[in-house]
Amino acid sequence: MAEHSDGQPLPTHDDNSVGSGLLLPSVIAHRISPARGPAVAARVGIMLGAAVTICFLTGLLSHWIQHPPTWFVWPVYPVWLYRVTQGAHVISGVVAIPLLLVKLWSVYPRLYARPLFGNPLRALERGSIALLVGSVIFQLVTGLFNTAQNYPWRFFFTTSHYAMAYVAAGALAIHLAVKLPVVREALAQPLVSHGLPESDSGERPANSVADMADSPGSSADMADPAAGSPGSAGGSPNPVAGTGGVSEDFVSAARGLAKPGESPVRPTPRARTGPRSAPQIPQSPAAGGISRRVVLGTAAFGAAVAALAVAGQTVPFLRWLAVLAPRSGEGPQGVPINRTAAEAGVTERATAPDYALTVVLGDRRRTFTRADLTALPQHDAVLPIACVEGWSASARWSGIRLRDLLAAVGEYRGGELRFTSLEDSGIYRTSVLPRPHAIAADTLVALRLNGSDLNIDHGYPCRLIAPNRPGVLQTKWLATIEELI
């Protein structure tokens, strides 16, 4: 047992309390906020786990829509479904950032718990935690950069983000399985006890000023005139007997017992049990530091602010609050864009007088100039364009129903349709449209947007617009449409 220089034992902590088992000097360990520990970590962890789960599931949906497995079917209606799921994906990911920071703050001292590795089981547990933290940080950081279309790395974001999502989900499942008993015990603890923050063990911290009268080395023998009695150099005004010269105001504030106009309750001095020791400096942070409720409230408030700061790019009436959203809702013809015609290198071909759209169905082939497309029956559809970065905007699109355009060429046999852009390269220069979307009444080869001819950055001379699809699959600057047999 650690001792004072005079042989008196130092105050000890419960095995689960703040500062216990830490490879830190006691003067630092005793200053660790009692808000750091399982009680806060478990509650913040629940919020973080919910955000990560939503982010994971909606991310899977988005990936499967863009790269569908053979068993996957994505519905045509409701037209707003992808807008909601992808908006939830980005919002939940942003919400997870402040929650993760608070979670790491609450458990940070446990990084110093001894033994550092110990037996193989403990080493495996700590390794899984490192994997969990690393993978979640990777997901949140890369996802945040993706919303701004900023890629300061060499790997391909989509596949890396998708693969790491499974790593994070697996590490989270292992962590929950291992820590479930600890979480259940922590949730059973009250957040506040006797007006003071609790330690991890559910009791007041052993180093709080209110407990100093009960701790060895802080009893009546501490009231030494030479060490801080009234009138001595460095002494506190109105010291309380048995607290080593600690003032009444400090003890009253720490105990939370004194009311205005009342005298504070003084601890009863304990008889000296050993040689006189040097006066101890009270460790006020543990007693008067931030409370668990404040930490949890701050975490919830930070998560709410983060959500509102980006939700407006998905929820129109919150747009004025979306100060951190990379897309404000503004753009040509009132709709944002990700990729301009100049960036795609299609301006010259898209505006060429000899432009023509080629449609191929089996052995039937027909080309359509823009004038030919304009001469076909026109229809309107109010559809959102929703992008993987989380932003979306509703608009009125006008053009030819895709099923009517196919009928003008020949018999459509129900196969998937491949749309190819005028772009020379890029992983999204083509997209594949399944049959349910191809025959939907709202699927258009669009020529106009919000009452005007398509702006070239929106896909002039014509583009695909289909309900409930990611924006990257709404191919612009169409060159060909071909049925896949």
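Our structure is the block above this text.
What counts and what doesn't
Residues numbered from 1 in each chain as written. Predicted model: local features only at pLDDT ≥ 70, side-chain atom pairs only at ≥ 80, totals over all residues. Heavy atoms only, no water. Helix = DSSP H or I, 4+ residues; strand = E, 2+ residues; numbered from the N terminus. Buried < 20%, exposed > 50% of the residue type's maximum accessible area, 1.4 Å probe, protein only. Contact = heavy atoms within 4.5 Å. Areas by Shrake-Rupley, 256 points an atom, 1.4 Å probe, with all protein chains shown as cover. Patch = residues over 30% accessible without salt bridge, like charges linked within 9 Å, V, L, I, M, F, W, Y side chains within 5 Å. Salt bridge = Lys/Arg side-chain N within 4 Å of Asp/Glu carboxyl O. Expected span 1.5 Å × (residues − 1). Pairing = 2+ DSSP bridges. Axes fitted to C-alpha atoms, helices over the stretch in contact; angles between N-to-C directions. Parallel < 35°, antiparallel > 145°, perpendicular 65-115°, else oblique. Left-handed = near helix turned anticlockwise from the far one by under 90°. Nonpolar A, V, L, I, M, F, W, Y, C, P; charged D, E, K, R; others polar.

### Details of the overall build of the protein chain
Alright, step 1. For the protein chain, the count of helices and strands is 14 helices and 12 strands.
Alright, step 2. Across the 485 residues of the protein chain, 46% fall into the buried class.
Alright, step 3. Sequence-distant contacts in the protein chain: of pairs separated by 6 or more residues, those separated by 24 or more amount to 67%.
Alright, step 4. Total accessible area on the protein chain is roughly 23,500 Å²; 61% of this is exposed by carbon and sulfur atoms.

### A few points about a nonpolar patch on the surface
Alright, step 1. Residues Ile137, Val141, Leu144 and Phe145 make up a contiguous nonpolar surface patch of about 300 Å² in total accessible area.
Alright, step 2. Take Phe145: it is sitting in helix H4 (residues 120-147).

### Structural notes on helix H3 (residues 81-107)
Alright, step 1. A rise of 1.5 Å per residue sets the reference length of H3, with its 27 residues, at 39 Å; its end C-alpha atoms lie 38 Å apart and thus fit the reference within 8%.
Alright, step 2. Within H3, 19 of the 27 residues are buried, which leaves it mostly tucked inside the rest of the structure.

### Some remarks on H4
Alright, step 1. With 28 residues, H4 should reach 40 Å at 1.5 Å per residue; the first-to-last C-alpha distance of 40 Å fits that figure.
Alright, step 2. Listed in full, the buried residues belonging to H4 are Arg126, Ser128, Leu132, Ser135, Val136, Gln139, Leu140, Thr142, Gly143, Asn146 and Thr147.
Alright, step 3. Note on H4: the residue one or two positions beyond its end, Gln149, has a positive phi of about 55 degrees.

### Considerations on the pairing of strand S7 (residues 417-421)
Alright, step 1. Here S7 lies mainly inside the structure; 4 of its 5 residues are buried.
Alright, step 2. As paired elements, S7 and strand S8 (residues 430-433) share 4 bridges and run antiparallel to each other. Bridging from a neighbouring strand, Leu417 pairs with Leu433 of S8.
Alright, step 3. Pairing of S7 with strand S12 (residues 478-483), which is carried by 5 bridges, proceeds in the antiparallel orientation. In the strand pairing of S12, Phe419 is matched with Ile481.

### Some remarks on the pattern of salt bridges
Alright, step 1. Counted by the stated rule, this structure contains 4 salt bridges.
Alright, step 2. A salt bridge links Arg339 to Glu423, with the shortest nitrogen-to-oxygen separation between them at 3.0 Å. Of this pair, Arg339 sits in the loop between helix H9 (292-311) and helix H10 (341-344) while Glu423 is found in the loop between S7 and S8, placing the two residues 84 residues apart along the sequence.
Alright, step 3. Accessibility expressed as a relative area gives 35% for Arg339, which makes it partly exposed.

### As for the packing of H3 against H9
For any two helices packed against each other, the geometry is given by the interaxial angle and the distance between the axes.
Alright, step 1. For the pair H3 and H9, the least separation of the axes is 8 Å and the interaxial angle reads 155 degrees. Of the possible angle classes, the one that applies to H3 and H9 is roughly antiparallel. Crossing angle aside, the handedness with which H3 passes H9 is right-handed. Counting all contacts with H3, which are made through Ile91, Val94, Val95, Pro98, Leu99, Val102 and Trp105, the residues of H9 involved are Val295, Ala299, Gly302, Ala303, Ala306, Ala307, Val310 and Ala311.
Alright, step 2. Among the residues making up the contact of H3 with H9, the classes are represented as 14 nonpolar, 1 polar and no charged.

### Observations concerning unusual backbone geometry
Alright, step 1. For the bond running from Tyr77 to Pro78, omega is 0 degrees, close enough to zero to count as cis.
Alright, step 2. Examined against the element boundaries, Pro78 turns out to sit in the loop between helix H2 (38-66) and H3.
Alright, step 3. A cis geometry characterises the amide bond from Tyr460 onward to Pro461, with omega recorded as 15 degrees.
Alright, step 4. Its location among the elements puts Pro461 in the loop between strand S10 (452-453) and strand S11 (463-465).
Alright, step 5. Residues other than glycine seldom take positive phi values, yet Asn468 does so here, at roughly 60 degrees.

### Description of the pairing of strand S4 (residues 364-368)
Alright, step 1. As defined by bridge partners, strand S3 (residues 357-361) adjoins S4 across 5 bridges and the pair is classed as antiparallel. Residue pairing in the sheet places Thr358 in a bridge with Thr367 of S4.
Alright, step 2. From the end of S3 to the start of S4, which pair antiparallel, there are 2 residues, and Gly362 there has a positive phi angle of about 60 degrees.

### What to know about the sheet that holds S7
Alright, step 1. Ordered in space as S4-S3-S12-S7-S8, the 5 strands form an open sheet in which the pairing is mixed. A strand with exactly one partner marks an edge of an open sheet, and here the two such strands are S4 and S8. For this sheet, the mean inter-axis angle between neighbouring strands, taken without regard to orientation, is 15 degrees.

### Considerations on the environment of His379
Alright, step 1. By the element assignment, His379 lies in strand S5 (residues 379-386).
Alright, step 2. A relative accessible area of 23% means that His379 is categorised as partly exposed.
Alright, step 3. Spatially, the C-alpha atoms of His379 and Arg401 are 6.7 Å apart, while their sequence positions differ by 22 residues.
Alright, step 4. Beyond its immediate stretch of four places on either side in the chain, His379 contacts Trp397, Ser398, Gly399, Arg401, Asp404 and Leu444.

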